[in-house]
Amino acid sequence: MAVIKVRKTGEVITGEENVRAFLNSQGVLYEHWDIAKLPEHLRDKYVLTDEEKNEILATFKDEIEDLAARRGYKTWDIVALSEATPNLEELLKKFEQVHIHTEDEVRAITAGHGIFIIKGDKETGYFDVELEAGDVISVPEGNPHYFTLMDDRQVVAVRLFIDPSGWVAHPYEEKEEAVQ
C-alpha cells in the first residue's frame, strides 16, 4: 500500500483509506488493484519482452478499461525501469525535475516501487507518495510533481494517456517555496 510523507510537517499517512482520503483532498486520484491477479512469473520481473508487457495489459484489462472510461484515457502502455534500462541515470535526471503536464499523469504499479513527489495545496506543500505493486495514482494536469525510483531502483507500471503524443513534461518554476 502507498505511504505518504508530508515534507513540511513530517506527518506519515498509511492505510488505504487514509491515503485515499488525503490524496483526494489534494485532487489526486488513488486506487488499488489486486496484484495477486498478475501471473507469478511477472511479479518481480523488470526486463520485459513485448509479449510480457501485453500479458500485463491483458491481466488488468478490466481495470484499465474501467479507469479509461471514467477519466477519458484513450491509450496505455507499460514502462519498465531497472538497472538494466539503458541510460537509466539520464532518464532519472529528466524525471527528477519538478514539472507539469497538459494531461493527467497516470501510473498503475505492477511490480517494484516508485515515488511521486507532488505539490499539494498551500497549507500542505510538497508530499511524497511511495507506491508499490497494486497502487494506482493520477496526478492532475497542471499539478507540479516529479517521479523517482526508490532504493531498489526498479518499477513496472501501466501508463494511461489521453494523447501520448502530447504528453510532454513542462518545467515548473517554483514561485513561493522550494522543494523541501
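Preceding this paragraph is the structure being described.
Residues numbered from 1 in each chain as written. Predicted model: local features only at pLDDT ≥ 70, side-chain atom pairs only at ≥ 80, totals over all residues. Heavy atoms only, no water.

## What about the overall build of the protein chain?
Here is step 1 of the chain: Tallying secondary structure elements over the protein chain gives four helices and 11 strands in all.
Here is step 2 of the chain: A buried classification covers 47% of the 180 residues belonging to the protein chain.
Here is step 3 of the chain: Considering only contacts in the protein chain between residues 6 or more positions apart, those separated by 24 or more positions represent 73%.
Here is step 4 of the chain: About 9100 Å² of surface is accessible on the protein chain, with carbon and sulfur atoms providing 49% of the total. (Helix = DSSP H or I, 4+ residues; strand = E, 2+ residues; numbered from the N terminus. Buried < 20%, exposed > 50% of the residue type's maximum accessible area, 1.4 Å probe, protein only. Contact = heavy atoms within 4.5 Å. Areas by Shrake-Rupley, 256 points an atom, 1.4 Å probe, with all protein chains shown as cover.)

## A look at the pattern of salt bridges
Here is step 1 of the chain: Under the criterion given, the structure shown has 15 salt bridges.
Here is step 2 of the chain: Residue Asp128 pairs with Arg7 through a salt bridge whose shortest N-O separation is 2.6 Å. Of the two residues, Asp128 sits in strand β7 (residues 126-132) while Arg7 sits in the loop between β1 (3-6) and β2 (12-13), which places them 121 residues apart along the sequence.
Here is step 3 of the chain: Among the residues examined, Asp128 registers a relative accessible area of 13% and is labelled buried. (Salt bridge = Lys/Arg side-chain N within 4 Å of Asp/Glu carboxyl O.)

## Quick look at the environment of His41
Here is step 1 of the chain: Residue placement: His41 occurs in the loop between β3 (29-32) and α2 (50-59).
Here is step 2 of the chain: Along the primary structure His41 and Glu52 are separated by 11 residues, whereas in three dimensions their C-alpha atoms are 9.5 Å apart.
Here is step 3 of the chain: Looking at His41, its side chain comes within polar contact range of the side chain of Glu55, at 3.2 Å. (Polar contact = N/O pair within 3.5 Å; in protein donor to acceptor, adjacent residues only side chain to side chain.)

## As for the pairing of β1
Here is step 1 of the chain: Of the two faces of β1, the one holding Ile4 and Val6 is buried and the one holding Val3 and Lys5 is not buried anywhere.
Here is step 2 of the chain: Where β1 meets β7, four bridges bridge the pair, whose relative direction is antiparallel. Of the residues in β7, the one forming a bridge with Val6 is Phe127. (Pairing = 2+ DSSP bridges.)

## Things to note about helix α1 (residues 16-25)
Here is step 1 of the chain: Those residues of α1 that fall on the buried side of the exposure criterion are Val19, Phe22 and Leu23. Along the long axis of α1, the arc covered by the buried residues comes to 95 degrees, so they all point the same way. Across from the buried face of α1, at angles greater than 90 degrees, the exposed residues are Glu17 and Asn24.
Here is step 2 of the chain: Taken together, the buried residues of α1 touch β1, β2, β3, β7 and β8 (135-139).
Here is step 3 of the chain: Gly27 sits one or two positions beyond α1 and adopts a positive phi of about 80 degrees. (Arc of directions from axis to C-beta.)

## Quick notes on the packing of α2 against helix α3 (residues 61-71)
Here is step 1 of the chain: Contact geometry of α2 with α3 gives a least axis separation of 4 Å together with a crossing angle of 70 degrees. In terms of axis orientation, α2 runs roughly perpendicular to α3. Contacts between α2 and α3 pair Leu57, Ala58 and Thr59 from the former with Lys61, Glu63 and Ile64 from the latter. (Axes fitted to C-alpha atoms, helices over the stretch in contact; angles between N-to-C directions. Parallel < 35°, antiparallel > 145°, perpendicular 65-115°, else oblique.)

## Quick word on the nonpolar core
Here is step 1 of the chain: With 25 residues, the main nonpolar core has Ile4, Leu23, Ile118, Phe127, Val129 and Ile137 as its most contacted residues.
Here is step 2 of the chain: Secondary-structure elements contributing two or more residues to this core are β1, α1, β4 (75-81), α4 (88-95), β6 (105-119), β7, β8 and β10 (155-161).
Here is step 3 of the chain: One finds Val106, Val156, Val158 and Leu160 within the second-largest nonpolar core, a separate group that totals 22 residues. (Core = buried A, V, L, I, M, F, W, Y, C linked by side-chain atoms within 4.5 Å.)

## Overview of the side chain of Thr124
Here is step 1 of the chain: Within the element layout of this structure, Thr124 appears in the loop between β6 and β7.
Here is step 2 of the chain: At 3.2 Å, the side chain of Thr124 and the side chain of Gln26 are in polar contact.

## What to know about α2
Here is step 1 of the chain: For α2, the set of buried residues is Glu52, Ile56, Leu57 and Thr59. Down the axis of α2, the buried side of the element spans an arc of 160 degrees, and every buried residue falls inside it. Opposite its buried face, α2 presents the exposed residues Asp50, Glu51 and Ala58, each directed more than 90 degrees away.
Here is step 2 of the chain: On its buried face, α2 is in contact with α3, β4, β6 and β10.

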